[in-house]
Amino acid sequence: IAVLCEILSKLMVFLKHLTNDGFVNDTYMALMRRLTAMLATVPVCVSNHARAELNGLYPCIRNRIQVIYHGVNHDLYSPGNPDTELLNKYGLDKKYILSISNRFVWKNYYRLVQSFQMIRDEKNLTDIDLVLIGEEKNASEEQRIRAFIDKYSLADSVKIIPFIDQSLLHHFYKGAWVYVFSSMEETFGLTVLEALACGIPVACANWGVIPEVEGTAAAYFDPLDTGDMRDVIADLCISEKKRKTLIDTGLQQSSRFNWESTANGYTKIVRKLISENRANT
């Protein structure tokens, strides 16, 4: 089986590079996910939400799946002042709403930009920008987002930054007024925890894994309802009481997730497998 997996993997990689075809790439990834899930002694998921999805796809491995949460680097992601010189380099010289992710369709950025326009025009919050950090991943979706920005003359207020070095991202979190996570499909949502750890109030889609990871530390909105998204984000921009409550709760929630606990989870599994292997030899 291992030899067959290696042959199939090399074949799909060859076809991917030969054709540069999205369908071939998707097929390769789907095949690898299925093979690894079926053959793994202990499949590990990063959340109970992801485990439930895997259970539905492969019921035969249900009893082998373990959940180990991701962690946050609290040495890097912690409350503090950002590097204002760095932020000014990107034109971030006033309050801003931040969202970090590559712009796949399911990240729901079109509705987020719509909600931001409503926040400015209907809530009269014109002294705040929207900052999107991440790469374009779908040409038609990106065209739709940019067309909306042009239609409502938001080019000076919606700042799209394609790439920021990972080691510098914490400055952008710390400089944000509100962090927004509008995605409709995630297995974990690490950037939300990083924002919480930096002491930034967070507004999230009430969808999928996010309530499992963020608990009561975030303000939630319906990701399909731009009006609800508008109201929740605007409330976090304005209400000092709401902001303070979520900042305090967010710091407590994010402290539960650290890479030491993650490493300990994997170490426990590996030690158990070694012990079982020795017992069987």
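That block above? That's the structure.
Here's a quick rundown of the structure. All figures in this text were calculated on a predicted structure; none of them were measured in a lab.

### Details of the overall build of the protein chain
No. 1: When you go through the protein chain residue by residue, the secondary structure sums to 12 helices and 8 strands.
No. 2: Split into buried and exposed, the 281 residues of the protein chain put 42% on the buried side.
No. 3: If you sum the accessible surface of the protein chain, you get close to 15,000 Å²; carbon and sulfur atoms cover 52% of it.

### Here we look at the sheet that holds strand β5 (residues 158–161)
No. 1: Spatially, β5-β4-β3-β6-β7-β8 is the arrangement adopted by the 6 strands of the open sheet, whose pairing is parallel. Single-partner strands in this sheet number two, and they are β5 and β8 (219–221). If you compare each strand with its neighbour and ignore which way they point, the axes differ by 20 degrees on average.
No. 2: Two strands pair when backbone bridges link them, and strand β3 (residues 96–100) and strand β4 (residues 129–133) are joined in this way by 5 bridges, in the parallel orientation. Bridging from a neighbouring strand, Ile100 pairs with Ile133 of β4.

### Quick look at the packing of aromatic side chains
No. 1: Per the stated rule, a full pass over the model turns up 9 aromatic pairs.
No. 2: Consider the rings of Tyr173 and Tyr179, whose centres lie 5.7 Å apart with planes at 45 degrees: the pair is tilted.
No. 3: Note on Tyr173: relative accessible area 0%, which makes it buried.
No. 4: Taking relative accessible area as the criterion, Tyr179 reaches 0% and is therefore assigned buried.
No. 5: Cation over ring: Arg243 sits above Trp177, and NZ or CZ is 3.5 Å from the ring centre.

### Regarding helix α5 (residues 109–122)
No. 1: When the terminal C-alpha atoms of α5 are compared, their 19 Å separation across 14 residues agrees well with the 20 Å that a helix rising 1.5 Å per residue should span.
No. 2: Extensive coverage of α5 is indicated by the burial of 10 of its 14 residues.
No. 3: What α5 keeps buried is the set Tyr109, Tyr110, Leu112, Val113, Ser115, Phe116, Gln117, Met118, Ile119 and Arg120.
No. 4: Buried residues along α5 sit in contact with β3, β4, α6 (139–151), β5, β6 (178–181) and α10 (226–238).
No. 5: Just beyond α5, the residue with positive phi is Asn124, at close to 60 degrees.

### A few points about the nonpolar core
No. 1: Counting residues in hydrophobic clusters, the biggest one holds 35 residues, and the most contacted among them are Tyr96, Leu98, Ile133, Phe172, Tyr173, Tyr179 and Val202.
No. 2: At the level of secondary structure, the elements contributing two or more residues to this core comprise α4 (84–89), β3, β4, α7 (169–175), β6, α8 (190–197), β7 (202–205) and α9 (210–214).
No. 3: At 5 residues, the largest contribution of residues to this core is made by α8.
No. 4: Excluding residues within four positions of it along the chain, Phe172 makes contact with Leu86, Leu87, Tyr90, Leu92, Tyr96, Leu98, Ile133, Ile161 and Ile164.
No. 5: If you look at the next biggest cluster of nonpolar residues, it comprises 29 residues, including Val113, Ile128, Ile149 and Val180.

Procedures and definitions
Residues numbered from 1 in each chain as written. Predicted model: local features only at pLDDT ≥ 70, side-chain atom pairs only at ≥ 80, totals over all residues. Heavy atoms only, no water. Helix = DSSP H or I, 4+ residues; strand = E, 2+ residues; numbered from the N terminus. Buried < 20%, exposed > 50% of the residue type's maximum accessible area, 1.4 Å probe, protein only. Areas by Shrake-Rupley, 256 points an atom, 1.4 Å probe, with all protein chains shown as cover. Pairing = 2+ DSSP bridges. Axes fitted to C-alpha atoms, helices over the stretch in contact; angles between N-to-C directions. Phe/Tyr/Trp six-rings, centres within 6.5 Å; stacked < 30°, edge-to-face > 60°. Lys NZ or Arg CZ within 6 Å of the ring centre and 35° of its normal. Expected span 1.5 Å × (residues − 1). Contact = heavy atoms within 4.5 Å. Core = buried A, V, L, I, M, F, W, Y, C linked by side-chain atoms within 4.5 Å.

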